[in-house]
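Descriptive analysis of the structure
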Amino acid sequence: MQLPLIDRIRSFIQAEAVLVVAALAALLSACLFPPVPQNWSAYAEAIDWRTIGLLFCLMTVVAGFTRAGLLARVRSLLTRTEGTQRRLSLLLVTLSFFTAMIVTNDVALISFAPLTLLLFQGSEPRSTIITLVAQTVAANLGSMMTPIGNPQNIYLYSAFELELGEFLTAIAPYGIIGLLASIAPCMLIPNTKAALGKAADSKVDTRLALAYGALFLLALACVGRVVSWELCVLITLIGCLIFDRSVLKHLDYSLLITFACFFIFVGNIKHVQVIASTLQSIVVGREILVSALVSQVISNVPAAIMLSGFSSNGIGLLVGTNIGGLGTPVASLASLITLRVYGRSRDAQTGRYLLCFTAINLALLVLFLGLASLLSL
């Protein structure tokens, strides 16, 4: 039975809250502060099409790897692992950290959070909750380590034309400490034998895996500015139409539209000198702190796009928005994935989960902001 229109609208807003906010911000800013001259080309010019193109290519590759069965194969292999609850937790958290570097924090959690629930069936709730929280922290901090690890990195790396060495030099200290910080909560889990749940065995489609592996290398070449983003998008599209056109139905187009809306919003705001100069005076010189705090309210991807219009310090925004993924559940939208997965599980203790999540994340947020202050001296 089809839901009434009002219920469908409500469901859409709940599922795409960030997109709705971005669209409203773009619309209101266009009405209040229209560009001069007032034409559609002004809005198109405000959009960073290279970032949109890169995101499209990388999302296609990640969706392709999933369709090829690579992540499902990893899950099925993990269910054969023998050992203690603590060892299993350490394995899952470490795997989430390093996987997020390549397939983004969102995909890492979509893949491994349900697996954690499966593997910890029959374990005490504390072990499950601590592992899921540590996994979420690991995915968010691991994704900061590469230019393709999360959407804000892709955007900032492209928009500020950062060099790979410059990027790694700025991020490496946080990443190394981030790995240690991610696995530390696992020490609170009992070192008792794990009673593992089982995942169905899975096979890899070699043809798809090789094809998307080639497209992944092309996307990396585009990130490194070896090939143009236009060529990368064209080859990715042609490749999908030839060997796996169905993948185009499984992409998160709402993320691309959200980016475009925020670009338009920032472009409109920048035309208003009073607002632009005020925001610039707040951001400049405080990029790490401001972007980390703003991320707590609107999440780190929108914060990166919005604040980049008022500062030329790309490294500061890069560090701040990645640190800002810690803290509240909305600071990184990837964190909401784990919360949703756990909240829908049988016998979920959501309040207990949120308490554990908040305590660990806020402690790490303070720790990393302190580290940032020391490194900036």
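Above: the structure in question.
To keep things clear, this report deals only with the structure shown in the data block.

What follows concerns the overall build of the protein chain. Counting its secondary structure elements, the protein chain contains 18 helices and zero strands. For a compact globule of 377 residues, the expected C-alpha radius of gyration is about 21 Å, and the protein chain comes in at 21 Å, within 12% of that figure. With respect to the principal axes defined by its C-alpha atoms, the protein chain has extents near 65 × 50 × 50 Å. Counting all 377 residues of the protein chain, 52% fall into the buried class. Nonlocal contacts in the protein chain, meaning residues at least 24 apart in sequence, comprise 80% of its contacts between residues at least 6 apart. For the protein chain, the computed accessible surface area is about 17400 Å², with 68% contributed by carbon and sulfur atoms.

Let's shift gears to a nonpolar patch on the surface. A contiguous nonpolar patch, built from Leu231, Leu234, Ile235, Ile238 and Ile242 and spanning about 450 Å² of accessible area, is present on the exposed surface. Along the chain, the position of Ile238 falls in helix H11 (residues 229-243). Exposure remark for Ile238: the relative accessible area of 43% places this residue in the partly exposed category.

Moving on, we get to the nonpolar core. Membership of the largest hydrophobic core comes to 101 residues, with the highest contact counts inside it found for Tyr174, Tyr212, Phe259, Ile305, Ile323, Tyr353 and Phe368. Once you skip the residues sitting within four places of it in the chain, Ile323 turns out to touch Tyr174, Ile288, Leu365, Phe368, Leu369 and Ala372.

Below, the discussion takes up the packing of aromatic side chains. Tallied over the full model, the rule gives nine aromatic pairs. Note on Tyr157 and Phe167: the rings are 5.8 Å apart at their centroids and 80° apart in plane angle, and the pair reads as edge-to-face. Separated by 10 residues along the polypeptide, Tyr157 in helix H8 (residues 151-159) and Phe167 in helix H9 (residues 164-183) bring together distant segments of the chain. Site record: aromatic cluster; members linked through ring pairs are Tyr155, Phe259 and Phe263.

Using the criterion set out here, one finds zero disulfides in the structure. Sulfur of Cys31: no disulfide; nearest cysteine sulfur belongs to Cys261 and is 13 Å away. When its relative accessible area of 57% is taken as the criterion, Cys31 is described as exposed.

Within the secondary structure, Ser311 sits in the loop between helix H15 (300-308) and helix H16 (314-323). A polar side-chain atom of Ser311 sits 3.1 Å from the main-chain amide nitrogen of Asn313.

The rules we used
Along every chain, residues carry numbers that run from 1 in the direction the sequence is written. In view of the model being predicted, local features appear only for residues whose pLDDT reaches at least 70, and side-chain atom pairs are presented and counted only at 80 or more, with totals across whole chains, interfaces and linings using the full set of residues. Side-chain metrics in this entry use all non-hydrogen atoms of the structure; hydrogen atoms and water are not considered. Numbering of helices and strands runs from the N terminus; a helix is a DSSP stretch of H or I covering at least four residues, while a strand is a stretch of E covering at least two. For the radius of gyration, the atom set is restricted to C-alpha positions; the globular benchmark scales as 2.2 Å times the number of residues to the power 0.38. A 1.4 Å probe rolled over the protein chains alone gives each residue an accessible area, and that area as a share of the maximum for its type sets the label: buried under 20%, exposed over 50%, partly exposed in between. In this analysis, two residues are considered to be in contact whenever any of their non-hydrogen atoms come within 4.5 Å of each other. Here the Shrake-Rupley method, with its probe set to 1.4 Å, supplies the accessible areas, and only the displayed protein chains count as covering residues. Patch members must show over 30% relative accessible area and no salt bridge, and they are joined within 9 Å when carrying like charges or within 5 Å when they are nonpolar side chains of Val, Leu, Ile, Met, Phe, Trp or Tyr. We define a salt bridge as a contact between a side-chain nitrogen of Lys or Arg and a carboxyl oxygen of Asp or Glu at a distance within 4 Å. Residues enter a nonpolar core if they are buried and are Ala, Val, Leu, Ile, Met, Phe, Trp, Tyr or Cys, with the set joined through side-chain atoms within 4.5 Å. Pairing of aromatic rings covers Phe, Tyr and Trp, the last counted by its six-membered ring, and requires centre-to-centre distances within 6.5 Å; plane angles under 30 degrees mean stacked, over 60 mean edge-to-face, and any other angle means tilted. Disulfides are defined as pairs of cysteine sulfur atoms found within 2.5 Å of each other. In protein, a polar contact means a hydrogen-donor-capable atom and an acceptor-capable atom, both N or O and within 3.5 Å, with residues adjacent in sequence counting only if both atoms are side-chain atoms; elsewhere, any N or O pair within 3.5 Å suffices.

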